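# Secondary and tertiary structure notes
What follows is each chain in one-letter form.
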Amino acid sequence: LATGPALADPHPDAELVINDEIELATRAPAPDHLKEVFDTVYSGWLFRTDETRALEMDDFDNPAMVFADMGVDLWNAADGSEGKSCASCHEGIESMKGVRASMPKINPAGNDIWSVENFVNTCRTDRMGAEAWKWNSPQMKQMTSAISLQSRGMPISVKIDGPAEPYWEQGKEIYYTRYGQLELACASCHEVNMGKMIRADHLSQGQINGFPTYRLADAGIVSIHQRFSGCIRDTRGEPFEAGSPEFRALELYVASRGMTLPVEGLAVRQ
Amino acid sequence: LPALALTGPHDLQFADGALAESLTGQPGDPAAGAKVMATRPLGNCVACHEIPPMADVPFQGDVGPSLAGVADRYSEAQLRGIVANAKMTFEGSVMPAFYKNSGYIRPGDGFTTNPAPADLQPILTAQEIEDVVAYLLTLKE
């Protein structure tokens, strides 16, 4: 059997170096709020096979990159009644440096927690006179891919205190709730059983620093909320909607569990 | 006794986690039990347990202990209790309860993402539980 202790833990010494030059930490000391649970936080990259890990080490091999390129095309394309593109106001896509690392965060009105998708759609509807993109639409995932890449290497730096705190608490409660007919919480798989095999799947810590992610099983980009939805579905549960208040709160909490890990800027997973 | 006096999921009488009475009054079929244990929408026990005699079933997980020799460690009544609702034996266990149909948070309709129907059925039928127990009783060292 291809199971057992040899495969059980995160890879002991693999190092993620992209294009032979960009070194990304895949192990980091756990953030303070997680110290009672884990000493070290690990990227999901360390739990994948040699072949899958290799795909993320070279941008020419990384199948996510074409989606980021399509996102840059969308960035430069005028759309909506105002005849504007994202570039009309923000200039180059490089202006989005740091944005992925800080998401989700409190919205400008100070009364909600917003994911990057909410910011994108607000610019589209309120500033461009364009239609909102669906949360998991190809366009939205291309755009969030292009935006994420600009933060590659920057540690996740979400704010979890002040006005963000109630959302963080809500997300934490969701993380520890046992959903579905199988009665499993995020923590049942990604905390208690991290490193174990659940059928053919090697359980990681369920970090989101690699998102959006190219998933070989889907042959496409998977958003953070899509992944959450798939995990709750696998409990024989009814997931929350993509973009729902619950998933945005959960996104904040899960992001905070990886605060010391860098944004991978388009991971590849199986 | 009527031939099919099924014990429903609400009628289980656990004693220290064990269930002494058969849920169906019919003997279990170990071959059928083995199939339930290896099949995903059913027991899918191999997701979490290694079951060495099922060497042909690929990718057995290790979230729970190997089931090798489990019949030497537990009685039939204890095994029935563990399969019906393992939380009555192992408090807070991640092992799902296979003969239960209420008390869930956001239960779904199988793996569809849709909400559960009003008449949500246990994951396994009473006879499937008996079949699994019959198979587990063959796991001696």
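Reference entry: report on the structure contained in this document. (Residues numbered from 1 in each chain as written. Chains lettered and ligands numbered in written order. Predicted model: local features only at pLDDT ≥ 70, side-chain atom pairs only at ≥ 80, totals over all residues. Heavy atoms only, no water.)

Time to look at empty space enclosed by the protein. All names here are of chain A. Under the definition given, this model contains two cavities of 30 Å³ or more. Lining the largest cavity, in full, are Arg100, Val116, Glu117, Trp135, Thr144, Phe211, Pro212, Val222, Ser223, Ile224, His225 and Glu251. Mapped by element, the contributors of at least two residues to the lining of the largest cavity are helix H5 (116–128) and helix H9 (224–233). Considering only enclosed or pocket space, the second largest cavity measures out at about 30 Å³ in volume. (1 Å grid on protein atoms, 1.4 Å probe; cavity = no way out; pocket = protein on both sides within 12 Å on 5 of 7 lines; lining within 4 Å. Points joined across faces, edges and corners; volume = space filled by probe spheres on them. Helix = DSSP H or I, 4+ residues; strand = E, 2+ residues; numbered from the N terminus.)

In this section: the packing of helix H7 (residues 165–175) of chain A against helix H10 (residues 245–257) of chain A. Helix-helix packing is described using two parameters, namely the angle between the two axes and the distance between the axes. All names here are of chain A. The contact between H7 and H10 brings their axes to 7 Å, and the two run at 90 degrees. By the angle between their axes, H7 is roughly perpendicular relative to H10. Of the residues in H10, those in contact with Tyr167, Trp168, Gln170, Gly171, Lys172, Ile174 and Tyr175 of H7 are Pro245, Glu246, Ala249, Leu250, Leu252, Tyr253, Val254, Ser256 and Arg257. A breakdown of the residues in the contact of H7 with H10 according to their chemical character gives ten nonpolar, three polar and three charged. (Axes fitted to C-alpha atoms, helices over the stretch in contact; angles between N-to-C directions. Parallel < 35°, antiparallel > 145°, perpendicular 65-115°, else oblique. Contact = heavy atoms within 4.5 Å. Nonpolar A, V, L, I, M, F, W, Y, C, P; charged D, E, K, R; others polar.)

Turning to the sheet that holds strand E10 (residues 220–222) of chain A, a few remarks are in order. Residue and element names in this part refer to chain A. Pairing within the open sheet is mixed, and its three strands lie in the order E10-E9-E11. Two strands close off the open sheet at either side, each with one partner strand: E10 and strand E11 (267–269). Taking the axes of each pair of neighbouring strands and ignoring which way they run, one obtains an average angle of 40 degrees across the sheet. For strand E9 (residues 213–215) and E10, the ladder comprises three bridges, and the chain directions are antiparallel. Residue threonine 213 lies in a different strand from E10, and its bridge partner there is valine 222. (Pairing = 2+ DSSP bridges.)

This paragraph deals with the interface of chain B and chain A. Listed per partner, the contact involves 38 residues of chain B and 26 residues of chain A. Overall, the association of chain B and chain A removes approximately 2,900 Å² of surface from exposure, summing both partners, and the carbon and sulfur fraction of that is 54%. Three residues, Asp62, Arg106 and Phe111 of chain B, lead the burial of chain B against chain A; their summed loss comes to 24% of the area buried on that side. The tally of links from chain B across to chain A stands at two salt bridges. At the boundary of chain B and chain A, one finds 13 residue pairs in polar contact (both at pLDDT 80 or more). (Buried area = accessible area lost by both parts, 1.4 Å probe. Salt bridge = Lys/Arg side-chain N within 4 Å of Asp/Glu carboxyl O. Polar contact = N/O pair within 3.5 Å; in protein donor to acceptor, adjacent residues only side chain to side chain.)

On to the packing of helix H1 (residues 30–38) of chain B against helix H4 (residues 126–136) of chain B. Residue and element names in this part refer to chain B. Running from amino to carboxyl end, H1 crosses H4 at an angle of 100 degrees, the nearest separation of the two axes being 7 Å. In terms of orientation, H1 and H4 fall into the roughly perpendicular class. Along the contact surface, H1 presents Pro30, Ala32, Gly33, Ala34, Val36 and Met37, while H4 presents Glu128, Asp131, Val132, Ala134, Tyr135 and Leu136. Residues belonging to the contact of H1 with H4 are distributed by class as follows: nine nonpolar, one polar and two charged.

All names here are of chain A. Counting across every chain of the model gives 16 salt bridges over all chains. The partner of aspartate 32 in a salt bridge is lysine 35, with the nearest N and O atoms 3.2 Å apart. Look at aspartate 32 and you get exposed, because its relative accessible area is 65%. Look at the salt bridges and you will find they share partners, linking Glu56, Glu264 and Arg269 into a network. (Buried < 20%, exposed > 50% of the residue type's maximum accessible area, 1.4 Å probe, protein only.)

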